[in-house]
Amino acid sequence: MFETLTEKLNSAFKSLRGQGRLTEKNIADGLQEIRRALLEADVNYKVVKQFIADVEAAAVGQEVIKSVHPAQQVVKIVHDELVKIMGGANAPLKVSDMPPTIIMMVGLQGQGKTTTTGKLAVHLKKKGRKPLLVAADVYRPAAVKQLEVVAQQAGVEFFGLGTGVDPVDICVMAQGEAQMRGCDTILLDTAGRLHVDDQMMAEVRKIAQAVKPHEILFVANATTGQDAVNSAKQFKDNLPLTGVILTQMDGDARGGAAISLISVTGCPIKFVGTGEKLDALDAFHPERMAGQILGMGDIVSFVEKAQEVVDQEKAIKFQEKARKADWNLEDFLSQMQEVKKLGSIGDLMKKIPGMSQMMGGQEMDFDDGDMKHIEAIIHSMTTEERQRPKIIAAGRRRRIADGSGTTLAEVNRLLKDFDKSRKLMKDMMKRGGKGGKRGGPFGGGRGMPMMGMH
Amino acid sequence: MTEKTGFFGRLRERLGKTRTGLVDGVRAVLGTRPKLDAETIEDLEALLIQADVGVQTAAEILERLRETAREKRLASSDDIVAALKALLLEILEPGDHTLSWTADPPPHVTLVTGVNGSGKTTTIGKLASKLKAEGKNVIIGAADTFRAAASDQLEVWCERAGVPIVKLHAGADPAAVAHDAVQAGLTRKADCVIIDTAGRLHTKINLMEELKKLYRVVAKLQPGAPHEILLVLDATTGQNGLQQARKFTETMHVTGIVLTKLDGTAKGGIVIAIQKELGIPIKYIGVGEGIDDLQPFSPRDFIDALFS
C-alpha cells in the first residue's frame, strides 16, 4: 500500500509514543524509521545520512523535557532541522533597480520550464509588471511555438527569432527588445539540457555571462529521484543559480527532491508548480512543507485555497454543522459541490492533518460523472430523507434508485460514503478540539505546541 | 544561520568523500572486503538506493543475496557480484521485452502514455523513424491536444521520419483524434498506428478517465486494439515512478515501459521495483535526442550499467 512520507513518520513516532522517556534506543528506532521514510520520499541517500546524523546529535544532547511527550520532542527537532535546511523563510524574486530585471530558466529536459515560464509571466503580470517571454530553446521541435502560444495565453509579450539564431544572440537582443516594448522583466526560456552535455552547458554559461541575469532559476520536477543531487550540482557548478522551482507538486510524489535540491544548490525554492493551468504557481513555504512532511498537513495552504473559492457563509454553516455532528445529506451535497471547485478531493484530503492516515490510503475521488449521479440521487430524496438519512431503508433506496435513474448499488455506495464522511467529520472535530493537549504529536493540527516554539 | 552553513559544509564533505556518481562498482566495494558483512551490505544498499531501486526493494534483494551467499558459501567478490546480478536479472528478465509491430488484421495500434515531460513525443518520433526504416507504413495520431504546440512538435518529428500525421485543432477531443488516426490506418492499410497522448499526472482522475475513453474508442474501431500501451518513464524519476506505473496500468493495461533519458547520470532503478511489483517489462530505452537514440532493452546491459 502506498504510504506518504507523512504517514511513514507518523507511524515512526507512534512507536515512540507510549514510551515514557527518550532513550538512545528509542531514538535510534525512530530515526531508522525517519531515514527509511526520507529515502522513500526520494531524499538523496547522502543527504539523509547527514540529516539523520544531525538530528541524532541534536536529540541525544537534549534533556528530556518532562512536560512534553518524547515523540513531540523528536518531532520538534526533526521539524526544526527540516525548516532549517529548507531555508526558514519565503524567498521572493529579485527586482532590479535598473529595469529590465532578467530571469533565466534552466534545467533538464521535461521539467516544465516552458510552462513554468508562462506561469511566472502570469504571476508577474498580476503584480503589475510587464514581462517579455524570450524563446531561447532553438533545439526542441516547436519549443519556440509552444512559448509563443503560452505567451498568448498569458497575455504577455513574446520575443523569438525562430530556430536559426544562436540562443546567446537571442537573449542579448531581447534586452533591446524589452526596452523598445516597455517591458520591465525578461524571462529567458532556455532549452532543456543534460548536466553531462558539456557543449550545452557551455552554451547556457555563455548566455548567463552575456546577459547577467538577476535570477537564474533551476526548474526541477518534484518526482525526481536520487539523481537530483548530480544534475543540480552540475548546474550549480556551471551557473550562479539563485533559486529553484519545483514542478508537478500536484501529483502524489513525496517531494523529497526538495530537500536534496536545496542542500546541493544552497538556493531557496522560490515557487512550486501545482497544476497544468497558467495560474497554478504557488509560493514555497518551508514551514508548511516541513509541517506537511511531519504530518501536520498543509492546513495553511488548504485554508488559503479554500477561501478563494468557497462560499464563506456556507463554510461557516458547514463548520457549525460538523461540530454539532448534525451533518446531513443536504450538507454533504453542498459541501461536495464546494470542494469540487477546489479540484480533486483526494489531493485536498491529503492536505488535512491526519486525514491521509484516517483514510488509510483510500481515495475518495470521483469525477464529474459521479458528481452528476450523486446530485441525481440526493435530488430524488424527500426533504426528510435528506435531513435524516437514517430512515432510508431498503424500500426507499429502491425508489430513489429508480427515481434518479441510477442503480441500487450506487445509492448504497453514496449512503456509505456519506456515513464515512460523517464519521470523519466527527473524528476531525474531536481531534481539533484537543489542540495543544497531550493527545499525541499530531492531534492538534495548527494548535500543536511546537508550532509556536521556533 | 551558522548552523545552516554547517549542514551544507558537512554535506559537501560527504558528497566529496565518495567517488563522483555512484560507487565505482560492487567490485570496488567488495575488493577490500570480500565477505558479505554488515558493512558490505550497507555499501550495496547505498549503491542500489542511489540508483533509485528503492529502500524496500533493495532490502529484499539484499536479503536474498545474503541467503544465496550463505547457501552457496560465496566468498570471492566476483561470486558475490555475479550472485547479485543474477538476482536482479531474475527480476528484470521475465516478460516480453520486444514489440511485434504486427497485427492481424492490421494496423497494429500503440498508445503512448505517461506523465508530463517524460518524453512521449520524442519517443514516438524515434519509433516512427525506426519503423519507417524497417519498411513499415506508419501513421501517427497527435492526440495531445492540450499542451501548447504539442502537435507541432510531433509534426516536426514526423517530417524528419517521413511519416504521415493525423491531427485536429488544439483543444479537440483526444478520443476524436485517436479515432481518426485508427480510421486512417484502416483505410490506408497502414501497418502501424502510434497515438501520442497528452502528459497527465496519474492522480488526475478526470484525465485518466479521458484516457479510458480514448482506449474505448480505439478498441471499438479495431478489435484487439490497442495492441500495445506503452508507459514512458523518465529515468530520473524516483520512487513515484512505481505509483505512476501502478495508476496507469490500473487505468488501462500497460504492456511495456519505455525508459527515457538514460544518457544522463540517472540509473532508472525504479524499473526494477516496477517489474518486480507489477510485472511490466521494459521495451525500449532512450539514450539521447537523436532520431536513432532509442534502443531495445537488454536486461543484462541495464544491470551492468547500474553498477558502472
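In the block above lies the structure referred to throughout.
A few points on the structure. Quick caveat: nothing in here was measured; it's all calculated off a predicted structure.

The rules behind the values
- Residues numbered from 1 in each chain as written.
- Chains lettered and ligands numbered in written order.
- Predicted model: local features only at pLDDT ≥ 70, side-chain atom pairs only at ≥ 80, totals over all residues.
- Heavy atoms only, no water.
- Helix = DSSP H or I, 4+ residues; strand = E, 2+ residues; numbered from the N terminus.
- Buried < 20%, exposed > 50% of the residue type's maximum accessible area, 1.4 Å probe, protein only.
- Contact = heavy atoms within 4.5 Å.
- Areas by Shrake-Rupley, 256 points an atom, 1.4 Å probe, with all protein chains shown as cover.
- Buried area = accessible area lost by both parts, 1.4 Å probe.
- Salt bridge = Lys/Arg side-chain N within 4 Å of Asp/Glu carboxyl O.
- Polar contact = N/O pair within 3.5 Å; in protein donor to acceptor, adjacent residues only side chain to side chain.
- Nonpolar A, V, L, I, M, F, W, Y, C, P; charged D, E, K, R; others polar.
- 1 Å grid on protein atoms, 1.4 Å probe; cavity = no way out; pocket = protein on both sides within 12 Å on 5 of 7 lines; lining within 4 Å.
- Points joined across faces, edges and corners; volume = space filled by probe spheres on them.
- Pairing = 2+ DSSP bridges.
- Axes fitted to C-alpha atoms, helices over the stretch in contact; angles between N-to-C directions.
- Expected span 1.5 Å × (residues − 1).
- Arc of directions from axis to C-beta.
- Disulfide = S-S within 2.5 Å.
- Right-handed = clockwise from strand over helix to strand, strands pointing away.

### With respect to the overall build of chain B
1) Next: Assigned secondary structure in chain B consists of 12 helices and 8 strands.
2) Next: For chain B, with 308 residues in total, the buried portion stands at 56%.
3) Next: Taking as baseline every contact in chain B between residues at least 6 positions apart, the subset at least 24 positions apart corresponds to 76%.
4) Next: Counting every atom, chain B has about 12,500 Å² of accessible surface; 50% of that belongs to carbon and sulfur.

### Structural notes on the interface of chain A and chain B
1) Next: At the junction of the two partners, chain A supplies 50 residues and chain B supplies 55 residues.
2) Next: The contact between chain A and chain B buries some 4,900 Å² in all, and 55% of this surface belongs to carbon and sulfur atoms.
3) Next: At the junction of chain A with chain B, the criterion picks out 4 salt bridges.
4) Next: In this structure, Glu45 of chain B engages Arg35 of chain A in a salt bridge whose closest nitrogen and oxygen atoms are separated by 3.0 Å.
5) Next: One can count 17 residue pairs in polar contact (both at pLDDT 80 or more) joining chain A with chain B.
6) Next: For the side of chain A that touches chain B, the elements supplying multiple residues, two or more each, are helix H2 (24-40), helix H3 (45-60), helix H4 (70-86), helix H6 (143-154) and helix H10 (257-265) of chain A.
7) Next: The element best represented in the side of chain A that touches chain B is H3 of chain A, accounting for 8 residues.
8) Next: Each residue belonging to the side of chain A that touches chain B can be placed in one class, and the counts come to 17 nonpolar, 15 polar and 18 charged.

### Section: the environment of Glu330 of chain A
Residue and element names in this part refer to chain A.
1) Next: Residue position: Glu330 is located in helix H14 (residues 329-341).
2) Next: Put simply, Glu330 and Cys183 are 147 residues apart on the chain and 51 Å apart in space, counted from C-alpha to C-alpha.
3) Next: Discounting chain neighbours no more than four positions away, the residues touching Glu330 are Thr383, Arg386 and Gln387.

### Considerations on empty space enclosed by the protein
1) Next: Taken as a whole and judged by the stated rule, the model has 3 cavities of 30 Å³ or more.
2) Next: Estimated volume of the largest cavity: approximately 70 Å³.
3) Next: Around the largest cavity, the lining is made up of 14 residues, and of these Asn221 and Thr223 of chain A together with Val115, Asp234 and Thr237 of chain B lie nearest the centre.
4) Next: Counted by class, the lining of the largest cavity contains 1 nonpolar, 12 polar and 1 charged residues.

### Let's talk about the sheet that holds strand S1 (residues 101-106) of chain A
All names here are of chain A.
1) Next: In spatial order, the strands read S3-S2-S4-S1-S5-S6-S7-S8; together these 8 strands make up an open sheet with mixed pairing. A strand with exactly one partner marks an edge of an open sheet, and here the two such strands are strand S3 (157-159) and strand S8 (281-283). When strand polarity is set aside, the average angle formed by the axes of neighbouring strands in this sheet is 25°.
2) Next: Pairing geometry for strand S5 (residues 215-221) and strand S6 (residues 243-247), over 5 bridges, is parallel. By the bridge assignment, Val219 is partnered in S6 with Ile245.

### Focus: helix H8 (residues 198-211) of chain A
All names here are of chain A.
1) Next: Look at H8: 20 Å from first C-alpha to last across 14 residues, which is about the 20 Å you get at 1.5 Å a residue.
2) Next: Within the span of H8, buried status applies to Met200, Met201, Glu203, Val204, Ile207, Ala208 and Val211. One face of H8 carries all of its buried residues, which in axial projection span an arc of 155°. When the buried face of H8 is taken as reference, the exposed residues oriented beyond 90 degrees from it are Asp198, Gln199, Lys206 and Gln209.
3) Next: Where the residues of H8 are buried, they touch S1, helix H7 (167-181), strand S4 (185-190), S5 and helix H9 (228-238).
4) Next: Phi for Lys212, located one or two positions after H8, is positive at around 45°.

### Comments concerning unusual backbone geometry
1) Next: Here the residue pair Asp104 of chain B and Pro105 of chain B is connected by a cis peptide bond, since its omega of 0° sits within 30 degrees of zero.
2) Next: Turning to its location among the elements, Pro105 of chain B is positioned in the loop between helix H5 (77-92) and strand S1 (108-113).
3) Next: In the segment running from Pro106 of chain B into Pro107 of chain B, the intervening peptide bond is cis, with an omega of 0°.
4) Next: Topologically, Pro107 of chain B is positioned in the loop between H5 and S1.
5) Next: One non-glycine residue, Lys212 of chain A, lies in the positive phi region at around 45°.
6) Next: With respect to the secondary-structure elements, Lys212 of chain A resides in the loop between H8 and S5.
7) Next: A positive phi is found at Arg73 of chain B, a non-glycine position, where the angle reads about 50°.
8) Next: The exposure class of Arg73 of chain B is exposed, given its relative accessible area of 74%.

### Describing the sheet that holds strand S7 (residues 282-286) of chain B
Residue and element names in this part refer to chain B.
1) Next: Across the sheet, which stays open at both edges, the 8 strands sit in the order S3-S2-S4-S1-S5-S6-S7-S8 with mixed pairing between neighbours. This sheet does not close on itself; its edge strands, each paired only once, are strand S3 (165-166) and strand S8 (294-296).
2) Next: Where strand S5 (residues 228-234) and strand S6 (residues 256-260) come together, 5 bridges link them in parallel fashion. Looking at the pairing, Asp234 lines up with Thr260 of S6.

### Re the state of the cysteines
1) Next: Within the structure shown, the criterion is met by 0 disulfides over all chains.
2) Next: Cys183 of chain A supplies the cysteine sulfur nearest to Cys171 of chain A, a cysteine that is in no disulfide, at a spacing of 15 Å.
3) Next: The exposure class of Cys171 of chain A is buried, given its relative accessible area of 1%.
4) Next: Considering cysteine sulfurs only, Cys158 of chain B is the nearest to Cys192 of chain B, which forms no disulfide, with 13 Å between them.

### Re the pairing of S5 of chain B
Across a regular strand the side chains alternate sides, sitting on one face of the sheet and then on the other.
Residue and element names in this part refer to chain B.
1) Next: Burial of S5 is extensive: 7 of the 7 residues sit out of reach of the surface.
2) Next: A two-sided burial pattern is seen for S5, the buried positions comprising Glu228, Leu230, Val232 and Asp234 on one face and Ile229, Leu231 and Leu233 on the other.
3) Next: You can see the chain leave S5, run along helix H10 (residues 240-251) and come back into S6, and the turn it takes is right-handed.

### Here's the deal with the pattern of salt bridges
All names here are of chain A.
1) Next: Evaluated as defined, the whole model comprises 27 salt bridges over all chains.
2) Next: The partner of Arg140 in a salt bridge is Asp137, and the shortest N-O contact between them spans 3.9 Å.
3) Next: Given a relative accessible area of 25%, Arg140 falls into the partly exposed group.
4) Next: Asp137 sits in the buried class, given a relative accessible area of 5%.

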